[in-house]
Amino acid sequence: FVQRATPIPLFLLMRDYYENLNTIKSTPRTLVFYFPPFLGALADPITQQANFPSALAPGTDSTITFPEEHEDPRVSTATGGLWGFIKGVAENPMVKSVLDKTKHSVETMITTLDPGMVPYIKTGGELDIVVTSNKEVKVAAIRDAFQEVFGMAVVTGEAAQSNIAPQPVGYAAGLKGAQERIDSLRRAGVIHEKQPAVSAESFIEELLPDKWFDIGCLIIEDPIHGIHLEAFTQATPVPLQYVQQAKSLTPEDYSLRWSGLLVTVGEVLEKSIQNVNRTDWHVVFTGMSRRQMIYSAAKALAGMYKQQLPPRTV
């Protein structure tokens, strides 16, 4: 047996509705606006009367009246107001530390998911460096190193000529080639005479009898601060037979013979060994890419450069 609910007549529902509506409209309501304690000043709840006359009465205007506002001296005397509070919080060492750690965590997450975002995130700041090459293996390695040391840096590349032999031989030739790349960009007006620049040049050297090594020379020149520094990559051994082949392919009357060879060791290795690239053959002999080697030397160079820069004035 199921008992059914007795239906309520529609006119009774309508009567109750209008009675309740008239009661609501004829009864003054109190709106309470509560402002929480802020800046050490406890604000009292502000009550304001809002009269809602019946909308059914013809010709009656709906008006809301508010009592006269009085300034709370406790709030007005708060130091600096809202913006002063925000500024004070932002300058708090503990808050700054938390914000820096949060920023670093977010950047780490982004660069882990998308390593290609690193140059975009860390590009900026006051340090502006020009690399005397447009080859990504050099520019990217030097950019990563300086951004690692300085936090943020603008590092761009410009193609430059060394005006020496394609395969420099000896430390002096390597340094000469790196410096000439910077000087050629300044002479051509590609970079300003006061522009800080980093240059890289690879060369080979016989460090031990019949034992040759490939070494990278990096220099930074900052005319504004009078800074000139050098750094070198790790030495990569080069089998003697490949150096001898490069020498045999260089004519005795070669005009740049004083600085090195006409054919590079990388070109000889590319022709002699399968799947070897002339510009990055180092990984085959050492397991370490040329970019990694340049990065390590560039990071040391950036560290020395940072130490010699004058302290920043706030």
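Refer to the structure presented above.
On a predicted model such as this, the values are computed, not experimentally measured, just so you know. (Residues numbered from 1 in each chain as written. Predicted model: local features only at pLDDT ≥ 70, side-chain atom pairs only at ≥ 80, totals over all residues. Heavy atoms only, no water.)

A.B. asks: Hey, could you run me through the overall build of the protein in this one?
C.D. replies: Per the secondary structure count, the protein includes 11 helices and 10 strands. Here the protein, with 314 residues, has 32% of them falling under the buried criterion. By element, 58% of the accessible surface of the protein is carried by carbon and sulfur atoms, the whole surface being about 20,200 Å². (Helix = DSSP H or I, 4+ residues; strand = E, 2+ residues; numbered from the N terminus. Buried < 20%, exposed > 50% of the residue type's maximum accessible area, 1.4 Å probe, protein only. Areas by Shrake-Rupley, 256 points an atom, 1.4 Å probe, with all protein chains shown as cover.)

A.B. asks: Mind showing me how you'd approach empty space enclosed by the protein here?
C.D. replies: If a probe as big as a water molecule is rolled over the atoms, it shows which places are left empty. This structure, assessed with the given rule, holds two cavities of 30 Å³ or more. Those elements giving two or more residues to the lining of the largest cavity turn out to be strand 7 (211-222) and helix 11 (290-308). Looking at the lining of the largest cavity residue by residue, the classes come out as three nonpolar, five polar and two charged. In this structure, the second largest cavity occupies an estimated 30 Å³ of space. Every residue along the wall of the second largest cavity is listed here: Lys 138, Ala 200, Glu 201, Ser 202, Gly 216, Cys 217, Leu 218, Arg 290 and Ile 294. Listing elements by their share of the lining of the second largest cavity, those giving two or more residues are strand 6 (197-208), strand 7 and helix 11. When the residues that make up the lining of the second largest cavity are grouped by side-chain class, the tally is four nonpolar, two polar and three charged. (1 Å grid on protein atoms, 1.4 Å probe; cavity = no way out; pocket = protein on both sides within 12 Å on 5 of 7 lines; lining within 4 Å. Points joined across faces, edges and corners; volume = space filled by probe spheres on them. Nonpolar A, V, L, I, M, F, W, Y, C, P; charged D, E, K, R; others polar.)

A.B. asks: Help me understand a nonpolar patch on the surface in this model?
C.D. replies: A surface patch of nonpolar side chains, about 410 Å² in accessible area, is lined by Tyr 171, Leu 175, Leu 207, Leu 208 and Phe 232. Of all elements in the fold, only helix 7 (171-187) and strand 6 reach the threshold of two or more residues within the nonpolar patch. For Leu 175, the location among the structural elements is in helix 7. Since its relative accessible area comes to 31%, Leu 175 is described here as partly exposed. (Patch = residues over 30% accessible without salt bridge, like charges linked within 9 Å, V, L, I, M, F, W, Y side chains within 5 Å. Salt bridge = Lys/Arg side-chain N within 4 Å of Asp/Glu carboxyl O.)

A.B. asks: Is there a simple way to think about the pairing of strand 3 (residues 128-131) in this case?
C.D. replies: Consecutive residues of a regular strand have side chains that alternate between opposite faces of the sheet. Where strand 3 meets strand 4 (residues 154-157), four bridges bridge the pair, whose relative direction is parallel. Along strand 4, the bridge assignment pairs Val 130 with Thr 156. After leaving strand 3, the chain enters helix 6 (residues 136-150) and then returns to the sheet as strand 4, a path that is right-handed. Judged from the two bridges that link them, strand 3 and strand 6 form a sheet pairing that is parallel. Residue pairing for strand 6: Val 130 is matched across the bridge by Ala 197. (Pairing = 2+ DSSP bridges. Right-handed = clockwise from strand over helix to strand, strands pointing away.)

A.B. asks: Help me understand unusual backbone geometry in this model?
C.D. replies: Trans peptide bonds make up the majority, and among non-glycine residues the majority have a negative phi. Phi is positive for Asn 163, close to 60°, though the residue is something other than glycine. Inspection of the secondary structure puts Asn 163 in the loop between strand 4 and strand 5 (167-168). With phi around 60°, Asn 275 is a residue other than glycine that occupies positive phi space. Mapped onto the elements, Asn 275 comes out in the loop between helix 9 (265-272) and helix 10 (282-286). Residue Asn 275 is classed as exposed on the basis of its relative accessible area of 74%.

A.B. asks: Whenever I open this one, the packing of aromatic side chains confuses me. Can you help?
C.D. replies: Each pair of aromatic rings is reported with the distance of its centres and the angle of its planes. Here the structure, examined in full by the defined rule, presents seven aromatic pairs. Centroid distance Phe 203 to Phe 232: 6.4 Å. Interplanar angle 85°. Geometry classified as edge-to-face. Here Phe 203 is found in strand 6, whereas its partner Phe 232 is found in strand 8 (residues 227-232), with 29 residues between them in sequence. Owing to a relative accessible area of 36%, Phe 232 belongs among the partly exposed residues under this scheme. Pairwise contacts between aromatic rings join Phe 146, Phe 150 and Tyr 305 into one cluster. (Phe/Tyr/Trp six-rings, centres within 6.5 Å; stacked < 30°, edge-to-face > 60°.)

A.B. asks: Looking at this model, I keep getting lost on the packing of helix 8 (residues 240-248) against helix 9. Mind explaining?
C.D. replies: In helix packing, the relevant descriptors are the interaxial angle and the interaxial distance, both defined with respect to the helix axes. The geometry of helix 8 relative to helix 9 is characterised by a closest axis approach of 9 Å and an angle of 110° between their N-to-C directions. Taken together, the axes of helix 8 and helix 9 are roughly perpendicular relative to one another. Where helix 8 crosses over helix 9, the two elements pack in a sense that is right-handed. Between helix 8 and helix 9, the contacting residues are Tyr 242, Gln 245 and Ala 246 on the first element and Val 268, Leu 269 and Ser 272 on the second. (Axes fitted to C-alpha atoms, helices over the stretch in contact; angles between N-to-C directions. Parallel < 35°, antiparallel > 145°, perpendicular 65-115°, else oblique. Left-handed = near helix turned anticlockwise from the far one by under 90°. Contact = heavy atoms within 4.5 Å.)

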